[in-house]
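# Topology and contacts: notes
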Amino acid sequence: MVDSLPNTTCEGEVYIDPSVYKFEHKENHDRIFIVGKNIDKIEKISAVSSDLAAHSSVFRKILKDTDIGEVWISDLSPDEFKLILTYVYGGQLPILHHLTAARLAIAANRYNIRPLVTKICKLIVPMSVPDVFAALVCVANMDCPQLKPHVNKIIQEKTRTVLRSEQFLNLDAKCLEYISRQDRLSVTELELWRALVRWVEHKAIAESFETSVQQLQTTLQYVRLATLRLEDIVEEVIPTKILTEDQIKELTLAVFSNEPIKLSGLCNNREVRELYASFQDEDLSELQHDAVFGRQKHYNSHVFSSLFRTKLREEDEYKIISNLTLETFSDILIDSFTVQTKSIMKLGNQPLYTLSCKVTVRKIQVSEFLDSCEETHTVQIEGTVLGSKEMTFPLKLSDGQSLILENKSKYVFTLEFDSPHPVYRVISLDDDSDVTFVSEGHYEGIIITHNTPLHVKHISYKL
């Protein structure tokens, strides 16, 4: 006959989480771990090494290779290591913020604790844009089949909302690469590029611009810049200084000549990325980029080829200097000038070049006997431009202020380019006569007189 077992039930005693017990009873700890990713956030943590070895083949090898002394763990934060200990000790994990959970899942994957990875992934399955970012961090940094279809669906359907979120700015470069590798998105390539530029500018606040650009390099291999218009490259890619000079040259030549990109580091895919089916036409209208520097609709325009039955005829010889006079009948804010860039043929079939032009504005004091210069302003125009195109440049003073012409005044504008540029004469449509130097009275408050053949084809201004 077997004796009955003694009654070991301890009624009334509070249950203790096993991880809490193991954390508190340090007499059972047999190894010291020095844990931390940053030198200023390193912590010594004692632990029961057999539990780590039992759950992780990676820890098993580390412990075997360092059978005595302290163990250095430099790819985990102290908090991540403590959460892993909680799990391997058989404890209950606390409620975690989604991004904290994602980082723990990545850490667990790094140490081959797959049951913990699966457990966490089930907790962060995204249902909308606000909670997709934690799941995105996981799928971008490790194999995560439980989350991938959910992440892809949200990214493809709600790309614009994702890109405009403040959480997007805090993603790592692998997440940007994951988004850029999608076969279809619900934004154009230009808007994707703008979002990446915004990310670089945000990262550069805490890090250097050069470091942020370097982090973006792997993503650039999947951004289809070769599908952009040359105008978009000039206006929105080149000014960011994200691409090197060699990359800019290779990209523009490839787009201009419709040939493959030969330089490594840039995406050679010339096929326009598929737009997600729910992407509506009205969404596209929001993405349309205005003309260079985006003139507002309420600005008036003076187009020299559309007034008084005239046309512009290009001169055979380019000129460096041109000159025109503006007389005002109200206060006028000059917004921009439009000029013609050099012919690509004359540039030796190179689509881009650097344009530099100094605009001198002299206010003339008119008197009965002799006109004199009352004041002078200088505006410097510089930038990389596309050949054989009309380019519009804002006219801003050196201090960034707008150029304002006073009522009932006379101003002389002199344009001086660093190299010869196309000039035009104004030709009458009635008799083909040259009316370049005939004053053009304009009903919107100005009279314009050309003193030379003109570089300026269009003036945008506001009364």
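Residues numbered from 1 in each chain as written. Predicted model: local features only at pLDDT ≥ 70, side-chain atom pairs only at ≥ 80, totals over all residues. Heavy atoms only, no water.

### Observations concerning the packing of aromatic side chains
Given two aromatic rings, their pairing is described by the distance between the two centres and the angle made by the two planes. Rules: Any two of the Phe, Tyr and Trp rings considered here, Trp counted by its six-membered ring, make a pair once their centres fall within 6.5 Å; the pair's planes then place it as stacked at under 30 degrees, edge-to-face at over 60, or tilted in between. Under the scheme used here, helices are H or I runs from DSSP no shorter than 4 residues and strands are E runs no shorter than 2 residues, and both carry numbers assigned from the N terminus. When a residue's accessible area, from a 1.4 Å probe over protein chains only, is under 20% of the maximum for its type it is buried; when over 50% it is exposed; and in between it is partly exposed. Geometrically, a charge over a ring is one whose NZ (Lys) or CZ (Arg) sits within 6 Å of the ring centre while staying within 35 degrees of the ring normal.
Scanning the model with the defined rule gives six aromatic pairs in all. Pairing Phe23 with Tyr89 gives two aromatic rings, centres 5.3 Å apart and planes at 70 degrees, and the pair type is edge-to-face. Here Phe23, found in helix H1 (residues 18-24), pairs with Tyr89, found in the loop between helix H4 (78-88) and helix H5 (98-110); they are 66 residues apart in sequence, far enough to count as distant. The class for Phe23 is partly exposed, based on a relative accessible area of 25%. For Tyr89, a relative accessible area of 3% puts it in the buried group. Members of the aromatic cluster, connected to one another through ring pairs, are Phe33, Phe59, Phe81 and Tyr111. Across from the ring centre of Tyr318, 3.9 Å away, lies the NZ or CZ of Lys346, which sits over that ring.

### Let's talk about the pairing of strand S10 (residues 352-365)
For clarity, the threshold we go by: By the convention used here, strands pair only if DSSP detects at least 2 bridges between them.
Among the 14 residues that make up S10, ten are buried, leaving the element largely enclosed by the rest of the structure. Inspection of the sheet shows S10 paired to strand S14 (residues 410-421) by eight bridges, in the antiparallel sense. Residue pairing for S14: Val361 is matched across the bridge by Phe413.

### Some points on the nonpolar core
Put simply, the test is: We define a nonpolar core as any set of buried Ala, Val, Leu, Ile, Met, Phe, Trp, Tyr and Cys residues linked to one another through side-chain atoms lying within 4.5 Å. Note on contacts: a residue pair qualifies if any of its non-hydrogen atoms lie within 4.5 Å across the two residues.
Ranked by size, the top nonpolar core spans 121 residues in total, and within it Ile84, Phe168, Ile334 and Phe413 carry the most contacts. For this core, the element with the most residues is helix H7 (residues 132-141), which contributes nine residues. For Ile334, the contacting residues outside a window of four places in its chain are Leu326, Leu395, Leu403, Leu405, Phe413, Ile459, Ser460 and Tyr461.

### Here we look at the packing of helix H10 (residues 173-180) against helix H12 (residues 209-220)
This is how it is decided: Inter-axis angles, ranging from 0 to 180 degrees, are taken between N-to-C directions of lines fitted to C-alpha atoms, where helices are fitted over the stretch in contact. For classification purposes, angles smaller than 35 degrees are called roughly parallel, those larger than 145 roughly antiparallel, those between 65 and 115 roughly perpendicular, and all remaining angles oblique. We call a crossing left-handed when the near helix sits turned anticlockwise from the far one by less than a right angle, and right-handed when that turn is clockwise. Note on residue classes: Ala, Val, Leu, Ile, Met, Phe, Trp, Tyr, Cys and Pro are nonpolar, Asp, Glu, Lys and Arg are charged, and everything else, Gly too, is polar.
Close contact between H10 and H12 brings their axes to 8 Å; oriented N to C, the two are set at 25 degrees. When the axes of H10 and H12 are compared, the pair comes out roughly parallel. Handedness of the H10/H12 crossing: right-handed. Where H10 approaches H12, its residues Ala173, Leu176, Glu177 and Ser180 are matched on the opposing element by Gln215, Leu216, Thr218 and Thr219. A per-class count over the contact of H10 with H12 returns three nonpolar, four polar and one charged.

### Description of the packing of H5 against helix H6 (residues 114-123)
Two numbers describe how H5 lies on H6: the axes approach to 8 Å, and their chain directions differ by 160 degrees. The angle between H5 and H6 places the two elements in the roughly antiparallel class. Relative to H6, the crossing made by H5 is left-handed. For the pair H5 and H6, the contacting residues are His98, Ala101, Leu104, Ala105, Ala108 and Asn109 in the first and Arg114, Leu116, Val117, Ile120 and Leu123 in the second.

By themselves, these figures tell us nothing about what the structure is for.
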